[in-house]
Amino acid sequence: MTSPVYITRFTKGERLFHLCLMLTFLIQSGTGFSRLFLTTSFGRTLTALFGGYERALLIHQWSGVVMIIAFLLHVVTLLPKIEWKNLLPTIFGPDSIVPNFRDVQQIWRKTLWTFGIGEMPKFDRWAYWEKFDYWAVFWGMPLLGVTGLMLIFPLTTTTFLPGWALNIIAFLHRAEAILAISYIFIVHFFIGHLRPASFPMNEAMFSGVMTLEEAEEEKPAWVERLKSEGKLEGMKTTPPASWYRKIYYVFGCLALSFGIYLLINGLIFSRYVNLH
């Protein structure tokens, strides 16, 4: 039997950013829910898990600060990758994660395919839902980050805003947090891990690689382009070590289980939530 050929999917920097974002998001979700559902058994369990009410608040604040710093560092690392003298091809080229008109066409073709009246579109390096996942961070982070910092420093905030504005800020922070948690634990988890093609876990973001067979099935336009440009051979790499695979597989399953646990209990106890 022929051994599978592996190609690089994500760089170490991309995987590190995702890991940091994932960890801080899970911690933020757990500590945030521990306070949001404090009057329930679910909230009290989470509060105890994080060492009590005050410690959960402290962890929530510091993990938020780490998330903001990681996000800003990620943005800074993107700037050198932009070819300013060749701006449009850099931003809207096939390797760019910026949405373009081709994504709109693929959404339409995928919709037709879903109803059995068209062919499945051939995806390149980034599919439209991956681009949406990525850019969702860019509109969620500023709102969560800014409102979070304003709540951490209420006295500073009220030097330029009236006191009642803190209630609006808290509402916006909680509403956006619930929206983000709902999207990540339902849509992102399903597309990334629970759909038949990737169940029980998509390992690419942990290992950084995927088999050439998977790439040809999921992203045929990307593989065809790599072949035509003569870059495919340079993308070939070795599979992750078995010990490393066991570690990230267990870690990934625990993270996935914790997210589902928060989602299910959040839905069960949702009637106790008061955003005001």
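Look above for the structure.
Residues numbered from 1 in each chain as written. Predicted model: local features only at pLDDT ≥ 70, side-chain atom pairs only at ≥ 80, totals over all residues. Heavy atoms only, no water.

**Description of the side chain of Glu203**
Worth spelling out the cut-off: Under the DSSP-based scheme used, a helix requires at least four consecutive residues in state H or I and a strand at least two consecutive residues in state E, with every element numbered from the N terminus. Residue burial is assigned from relative accessible area. The probe radius is 1.4 Å, only protein chains are included, and a residue is buried under 20% of its type maximum, exposed over 50%, and partly exposed in between. Whenever two N or O atoms come within 3.5 Å, that pair is a polar contact, provided that in protein one can donate a hydrogen and the other can accept it, and provided that, for residues adjacent in sequence, both atoms are side-chain atoms. What makes two residues a contact is simply this: any of their non-hydrogen atoms within 4.5 Å.
On the secondary structure map, Glu203 appears in the loop between α8 (165–194) and α9 (204–207). On the basis of relative accessible area, Glu203 is assigned to the buried category, the value being 18%. Polar side-chain contacts of Glu203 include one of 2.6 Å to the side chain of Tyr248. Once you skip the residues sitting within four places of it in the chain, Glu203 turns out to touch Gly208, Arg245, Tyr248 and Tyr249.

**Details of the environment of Ile117**
Mapped onto the elements, Ile117 comes out in the loop between α5 (101–114) and α6 (128–152). Considered as a pair, Ile117 and Lys227 are 110 residues apart in the sequence and their alpha carbons are 30 Å apart.

**As for the packing of helix α1 (residues 12–36) against helix α13 (residues 242–268)**
When two helices pack together, their arrangement is given by the angle between the helix axes and by the axis-to-axis distance. Quick reminder of the rule: All axes here are fitted lines through C-alpha atoms, helices being fitted over the stretch that makes contact, and every angle between N-to-C directions spans 0 to 180 degrees. Crossing handedness follows the turn of the near helix against the far one: under a right angle anticlockwise gives a left-handed crossing, and clockwise gives a right-handed one. In the scheme used here, Gly and all other residues not listed as nonpolar or charged are polar, with Ala, Val, Leu, Ile, Met, Phe, Trp, Tyr, Cys and Pro taken as nonpolar and Asp, Glu, Lys and Arg as charged.
One can describe the packing of α1 onto α13 by two numbers: an axis separation of 11 Å at closest approach and a directional angle of 35 degrees. As for the relative orientation of α1 and α13, their crossing is left-handed in sense. Contacts from Arg15, Leu19, Met22, Leu23, Leu26, Ser29, Gly30 and Phe33 of α1 reach α13 at Tyr244, Phe251, Ala255, Phe258, Gly259, Leu262 and Gly266. Split by residue class, the contact of α1 with α13 holds ten nonpolar, four polar and one charged.

**Side note on a nonpolar patch on the surface**
Applied cut-off: In this analysis, a patch consists of residues with relative accessible area above 30% that form no salt bridge, clustered at 9 Å for like charges and at 5 Å for the nonpolar side chains Val, Leu, Ile, Met, Phe, Trp and Tyr. With residues, only the protein chains shown are counted as cover, and all accessible areas are computed by Shrake-Rupley using a 1.4 Å probe. Salt bridges are counted wherever a side-chain nitrogen of Lys or Arg sits within 4 Å of a carboxyl oxygen of Asp or Glu.
A contiguous nonpolar patch, built from Leu143, Trp164, Ile168, Phe171 and Leu172 and spanning about 460 Å² of accessible area, is present on the exposed surface. The element best represented in the nonpolar patch is α8, accounting for three residues. Within the secondary structure, Ile168 sits in helix α8.

**Section: the layout of surface pockets**
Spelled out, the test is: Space inside and on the surface of the protein is sampled on a 1 Å grid over the protein atoms alone, with a cavity defined as a set of points where a 1.4 Å probe fits but cannot get out and a pocket as an open set with protein on both sides within 12 Å along at least 5 of 7 lines; lining residues have an atom within 4 Å of a point. Grid points are joined across faces, edges and corners, and a volume is the space filled by probe spheres set on the points.
Taken as a whole, the second largest pocket holds about 730 Å³ of empty space. What lines the second largest pocket is a set of 30 residues, among which Gly32, Arg35, His60, Leu151 and His173 lie closest to the centre. Looking at the lining of the second largest pocket, the element that brings in the most residues is helix α3 (residues 53–78), giving eight residues.

**Some thoughts on the pattern of salt bridges**
Applying the stated criterion across every chain, the model contains twelve salt bridges. Put simply, Arg9 and Glu130 hold a salt bridge, and the shortest N to O gap is 3.1 Å. Taken together, the positions of Arg9 in the loop between β1 (6–8) and α1 and Glu130 in helix α6 put the pair 121 residues apart, joining distant regions of the chain. What makes Glu130 partly exposed here is its relative accessible area of 22%. A salt bridge links Lys131 to Asp103; its shortest N-O distance comes to 2.8 Å. Of this pair, Lys131 sits in helix α6 while Asp103 sits in helix α5, placing them 28 residues apart in sequence. Of the residues examined, Asp103 reaches a relative accessible area of 6% and is grouped as buried.

**Details of the sheet that holds strand β2 (residues 209–211)**
How we decide: Each pair of strands is called paired provided DSSP finds at least two bridges between the two strands.
The antiparallel open sheet is built from three strands, whose spatial order is β2-β1-β3. Each end of this open sheet is capped by a strand with a single partner; those strands are β2 and β3 (236–237). Bridging between β1 and β2 involves three bridges; their strand directions are antiparallel. Each residue of the ladder has a partner; that of Ile7, found in β2, is Met210.

**Considering helix α11 (residues 220–228)**
Residues of α11 that are buried include every one of Pro220, Ala221, Trp222, Val223, Arg225 and Leu226, and no others. Of the surrounding elements, those touching the buried residues of α11 are β1, α5, β2, α10 (212–218) and α12 (232–235). Phi turns positive one or two residues past the end of α11, at Gly230, with a value near 70 degrees.

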